[in-house]
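An overview of the molecular structure
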Amino acid sequence: MNKLLLRVVLFFLIFTSFFNLAHSQNEEPEPLIQILEQLEKRYNVRFSYETKTIDSILVPPLNPELSLEQALSELRFLTSLEFKVLDIRFIAITPKQSTVQRLEEVVVTNYLTKGISKTNNGAVEVDAKAFDILPGLIEPDVLQILQNLPGIISVDERISNINVRGGTNDQNLILYEGIRMYQSGHFFGLISAFNPYLSDEIRISKNGTSALYGNGVSSTISIKNSDKIDSTFNAGIATNLLNTDGYAKIPLSKKMELQLSARRSFTDVLASTTYDAYFDRIFRDSELNISNDISSIIALDERFLFYDLNAKFLYDINSTSKLRVSLLNIYNDLDYNQIFTNSDNNIQETRSALNQVSYGASATYSKVFKDNIQASVQFYYSNYDLDAQNNDVTNGQLLIQENKVEDYGLRLDISKTVNNNTKLRGGYQFNEVSVTDFEDVVNPNFTSLVKEIIRTHAFFGETERYSKSRNTYIRLGARISYFEKVKELVIEPRFAFNQKISDAIRLEVLGELKSQSITQVIDLQQDFFGIEKRRWQLSNSEDVPLVRSQQISLGLSYNQNNLLISLEGYYKNVDDITAQSQGFQNQFQFVNDIGSYTVTGLDFLVNKRFNDFSAWLSYTLSNNDYKFDTINQSSAFPNTVDLTHVANASLTYSLNNFKIGLGINWHSGRAYTEPSETQIENNSFIEYDNPNDDRLPDYFRTDVSAIYKFNISKGIKAEAGASIWNVFNRSNIINRYYTFDADDNIVEVDNRSLKLTPNLSLRIQF
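Okay, so let's go over this structure. (Residues numbered from 1 in each chain as written. Predicted model: local features only at pLDDT ≥ 70, side-chain atom pairs only at ≥ 80, totals over all residues. Heavy atoms only, no water.)

Time to look at the overall build of the protein. Helix and strand counts for the protein come out as seven helices and 45 strands. Taken over C-alpha atoms, the radius of gyration comes to 28 Å for the protein, in line with the 27 Å a tight globule of 766 residues would show. Considered along the principal axes of its C-alpha atoms, the protein spans approximately 95 × 65 × 45 Å. Sorting the 766 residues of the protein into buried and exposed places 55% on the buried side. Considering only residue pairs separated by 6 or more positions, the protein has 64% of its internal contacts joining residues 24 or more positions apart. (Helix = DSSP H or I, 4+ residues; strand = E, 2+ residues; numbered from the N terminus. Rg over C-alpha atoms; globule rule 2.2 N^0.38 Å. Buried < 20%, exposed > 50% of the residue type's maximum accessible area, 1.4 Å probe, protein only. Contact = heavy atoms within 4.5 Å.)

This is the structure we're talking about:
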């Protein structure tokens, strides 16, 4: 597969060279003044400018079918000039400020709804400020929005378990202000941990990722707060049925600004219907409730809370230099104490706690030099700590577990805009990641402390180029990483190719090789309520190799008259995964083996916008199979997150300040393993049939949401929202496994989806 990708890269490099040559012969650039004269005649307008401002500037001819607004937008992109419309007839041309041009263009606006766009390098961008509405959402939850895109879904409805084209969540590289995040959710992953009201740019790349990013083989999700200093103060406060939050953008001077946001749940003092639904989703089918009849509980005390804090300091040192400093804190805490009678009618007491906390910080300095050269240097620190404690007071048994990740990083990035059509970029990145696992058991006594460290050096480079007609875009890049601990050098070529075939039709080809050195082990043991705990682990030279992936995709899209139709086929292979990272709940639950999974799929999207309505249908057809060295006699079998069919149909309607959304989500059932009909008597484990040979019933969910915006007074705006998740209260089975009850009988356990869950919100901005 590596040779195939290299050949494809070489093919497109040669293809682009010939294409550019052909277009340079057919469409010679013209002086800008000549283009302006054509526009003046065509649209009956006049341009005002100094001759030296446009002197010697050459641009390719513009499509005569473009509107005036589109023509000006094209000229802004092709030149370093600003075109300001003074009135219906006069347009002023002035030089732009000294900034480096970004080559990438948005090729599809309103990809699903307002605020979601697709660029020519295959990435999808979400502008939280411009975000309109999605069914089931009354707030722009960053990670929930992404799950409306084809090829992205959470098989168990949790934010912390996003599966991109068949990958596991730990294979996603999630960056917040450049900080690698090892925790992404609140309430065991049901809520995003990122406050969306300071987020300015959310970007996801499913394939063709920039060489700038490494250490994530599935997708790259980058979240950035606003990077522009505002001259006025603005803030907002809000509440819903789970938490309250607030944010503020505070100008300190013309050159400095402070951005703050905070959110805290009130679930530890007030239990709403939304909280009850979330808590029921997590604990309904836990081992705690399976092993103990609910009627045997004498006393129950639960306390759960979460909060997150964000801060960003912006300092424009001068017209060419900037400093940005970001801080982040995410916290989850659960105490669950229970007194119940066991099978012998003896009173037993357990006290359990789970605590998750993340700290992050980054500092970025950037400077623009002469000759369109821009450089930036970034330092970041990320800390994640999971503490779990299970105390069986009656029997004097105590189990304490801790998983801690510390990640230090440095990245130097230099880019040069050669001309309006070509940009070069390169740099160096260093990472040091340490993972600590601690386990302490009392009765029987056992203590274990293991700490591992891996350092990575990476050099990256890429070039972006347009043809002179701007119809062809190609980005070629590579990342070379050296992992010290395992002493491996990995070369990862990447490419993105976009061809405008006509005004309405585009062809897109993406490909990449990627690797990562940190993955998760999934514990599904009976301690801690049977809730899975994901522990991070580092690659080594023994039983946890580097994970590697290869992916290629081919897409075709039609976009005209507010109708978008896109079709994309892809092939993805991920090698050297461990069985313990896959969450098996069958005969392989406690087996460690090395293997791979291969996904072939087709993503389809149709979106039609008319008047105040927007409707879309997305569908994914895929096949995802494992193959391990020894498991299942090295024969392929379905992946635990394999969903053959996934479909989403949504309709949104906007009328003035009122917006409503209705959506239907459907997918085929997950694979699971049935026990064998014949079991060995007095066996301490269950005998199973062929792995993942059966399927759960189909999943079906309907969501609705509505938002109304209004003004309270001058300068104070408000927004009221209401949503219902799973309107018809359908009890979907999202996972099935088997265990023994107190009498050693095999019991079938069905984990069910979130039931009907209402939510209300009120937000005030000033």
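Another aspect to go through is the environment of Ile-339. Position of Ile-339 relative to the elements: it lies in strand β21 (residues 321–341). Accessibility expressed as a relative area gives 26% for Ile-339, which makes it partly exposed. For the pair formed by Ile-339 and Arg-351, sequence separation is 12 residues and the distance between their alpha carbons is 8.9 Å.

A few words on helix α4 (residues 68–78). For α4, the full list of buried residues reads Ala-71, Leu-72, Leu-75, Phe-77 and Leu-78. Looking at the buried positions of α4, the neighbouring elements they touch are α2 (32–43), β2 (46–48), β3 (58–59), β4 (81–85), β5 (90–95) and β26 (446–466).

Let us now look at the side chain of Gln-520. Note that Gln-520 resides in strand β30 (residues 518–523). With near-sequence residues (within four places) excluded, Gln-520 lies in contact with Asp-170, Arg-534, Arg-535, Trp-536, Gln-580 and Ser-581.

Among the secondary structure elements, Asn-169 is positioned in the loop between β10 (162–164) and β11 (172–176). Among the polar contacts listed, one links the side chain of Asn-169 to the backbone oxygen of Ser-160, at a separation of 3.0 Å. A polar side-chain atom of Asn-169 sits 3.2 Å from the main-chain amide nitrogen of Ile-162. Residue contacts for Asn-169: discarding those within four places in its chain leaves Ile-159, Ser-160, Asn-161, Ile-162 and Asn-163. (Polar contact = N/O pair within 3.5 Å; in protein donor to acceptor, adjacent residues only side chain to side chain.)

Before going further, it helps to spend a moment on the packing of α2 against α4. Between α2 and α4, the shortest axis-to-axis distance is 11 Å and the interhelical angle comes to 170°. Between α2 and α4, the angle falls in the class roughly antiparallel. Across from Leu-32, Ile-35, Leu-36, Leu-39 and Tyr-43 in α2, the residues of α4 making contact are Leu-68, Ala-71 and Leu-75. (Axes fitted to C-alpha atoms, helices over the stretch in contact; angles between N-to-C directions. Parallel < 35°, antiparallel > 145°, perpendicular 65-115°, else oblique.)

This next bit is on the packing of aromatic side chains. Note on aromatic pairs: each is described by the distance of the centres and the angle between the planes. All told, the structure shown has 21 aromatic pairs when counted by the stated rule. A ring pair is formed by Tyr-275 and Phe-279, whose centres lie 5.6 Å apart and whose planes are at 40°; its orientation type is tilted. Placement of both Tyr-275 and Phe-279 in helix α6 (residues 273–283) is noted, with a separation of four residues, approximately one turn of the helix. A single burial state applies to Tyr-275 and to Phe-279, both of which are buried. Relative to Phe-637, the ring of Phe-588 has its centre 5.9 Å away and its plane inclined at 45°; by these criteria the two rings are tilted. Highlighted residues: Phe-588 in the loop between β33 (563–578) and β34 (594–610) and Phe-637 in strand β36 (residues 637–638), separated in sequence by 49 residues. Under the relative-accessibility criterion, Phe-588 is labelled buried at 10%. Residue Phe-637 is classed as buried on the basis of its relative accessible area of 3%. Among the aromatic residues, those joined into a ring-pair cluster are Phe-584, Phe-588, Tyr-626, Phe-628 and Phe-637. Above the plane of the ring of Tyr-570 lies Arg-165, whose end atom (NZ or CZ) is 4.1 Å from the centre. Against the face of Trp-725 rests Arg-701, its NZ or CZ located 3.8 Å from the ring centre. (Phe/Tyr/Trp six-rings, centres within 6.5 Å; stacked < 30°, edge-to-face > 60°. Lys NZ or Arg CZ within 6 Å of the ring centre and 35° of its normal.)

Burial within strand β29 (residues 505–516) is extensive, with 10 of its 12 residues counted as buried. Alignment of strand β28 (residues 488–500) against β29, held across seven bridges, turns out to be antiparallel. Directly across from Arg-494, in β29, lies its bridge partner Glu-512. Adjacent in sequence and paired antiparallel, β28 and β29 are bridged by four residues. Sheet topology places β29 next to strand β32 (residues 547–560); 12 bridges connect them, and they run antiparallel. When the bridges of β32 are listed, Val-509 appears paired with Leu-554. (Pairing = 2+ DSSP bridges.)

A separate point is α6. Across the 11 residues of α6, eight count as buried, placing the element largely inside the fold. Listing the buried residues of α6 in full gives Thr-274, Tyr-275, Ala-277, Tyr-278, Phe-279, Arg-281, Ile-282 and Phe-283.

We now examine a nonpolar patch on the surface. Where nonpolar side chains cluster on the molecular surface, the patch consists of Phe-459, Ile-480, Tyr-482, Leu-489 and Ile-491 and spans about 500 Å² of accessible area. Only β27 (472–483) and β28 provide two or more residues apiece to the nonpolar patch. Inspection of the secondary structure puts Phe-459 in strand β26. Its relative accessible area of 51% is what places Phe-459 among the exposed residues. (Patch = residues over 30% accessible without salt bridge, like charges linked within 9 Å, V, L, I, M, F, W, Y side chains within 5 Å. Areas by Shrake-Rupley, 256 points an atom, 1.4 Å probe, with all protein chains shown as cover. Salt bridge = Lys/Arg side-chain N within 4 Å of Asp/Glu carboxyl O.)

Below, the discussion takes up the sheet that holds strand β15 (residues 199–205). Pairing within the open sheet is mixed, and its seven strands lie in the order β6-β7-β8-β15-β16-β11-β12. A strand with exactly one partner marks an edge of an open sheet, and here the two such strands are β6 (106–108) and β12 (179–180). One ladder, built from three bridges, connects strand β7 (residues 116–119) with strand β8 (residues 124–126); its direction is antiparallel. From the neighbouring strand, Lys-118 faces β8, where its bridge partner is Val-124.

Glancing now at unusual backbone geometry. It is generally the case that most residues other than glycine have a negative phi and that most peptide bonds are trans. In this structure, the amide linkage connecting Asn-443 to the following residue, Pro-444, adopts the cis form with an omega of 0°. At Asn-215, a position not held by glycine, the phi torsion is positive, near 70°. Turning to its location among the elements, Asn-215 is positioned in the loop between β15 and β16 (219–225). At Asn-726, a position not held by glycine, the phi torsion is positive, near 65°. One can find Asn-726 in the loop between β42 (716–725) and β43 (733–740). Given a relative accessible area of 1%, Asn-726 falls into the buried group.

So, on to the nonpolar core. Counting residues in hydrophobic clusters, the biggest one holds 34 residues, and the most contacted among them are Tyr-111, Leu-143, Leu-149, Met-181 and Phe-194. Elements with a contribution of two residues or more to this core: β6, β8, α5 (142–146), β10, β11, β15, β16 and β21. When residues of this core are assigned to their parent elements, the largest contribution, four residues, is made by α5. Excluding anything up to four places from it in sequence, Leu-149 contacts Tyr-111, Leu-112, Val-124 and Ile-204. Core analysis: the next-biggest nonpolar cluster, separate from the first, contains 32 residues, Phe-279, Leu-334, Val-405 and Leu-754 among them. (Core = buried A, V, L, I, M, F, W, Y, C linked by side-chain atoms within 4.5 Å.)

As a further point, take the pattern of salt bridges. If you walk through the whole model with that rule in mind, you get 34 salt bridges. For the salt bridge of Arg-76 with Glu-82, the shortest nitrogen-to-oxygen distance reads 3.1 Å. Classification of Glu-82 as partly exposed rests on a relative accessible area of 30%. Asp-156 is the salt-bridge partner of Arg-158, the closest N and O atoms lying 3.1 Å from each other. Each member of the pair Arg-158 and Asp-156 is classed as buried. What emerges from the salt-bridge pattern is a single network uniting Glu-177, Asp-227, Lys-312, Asp-316 and Arg-324.

The values reported here are purely geometric and, on their own, carry no functional implication.
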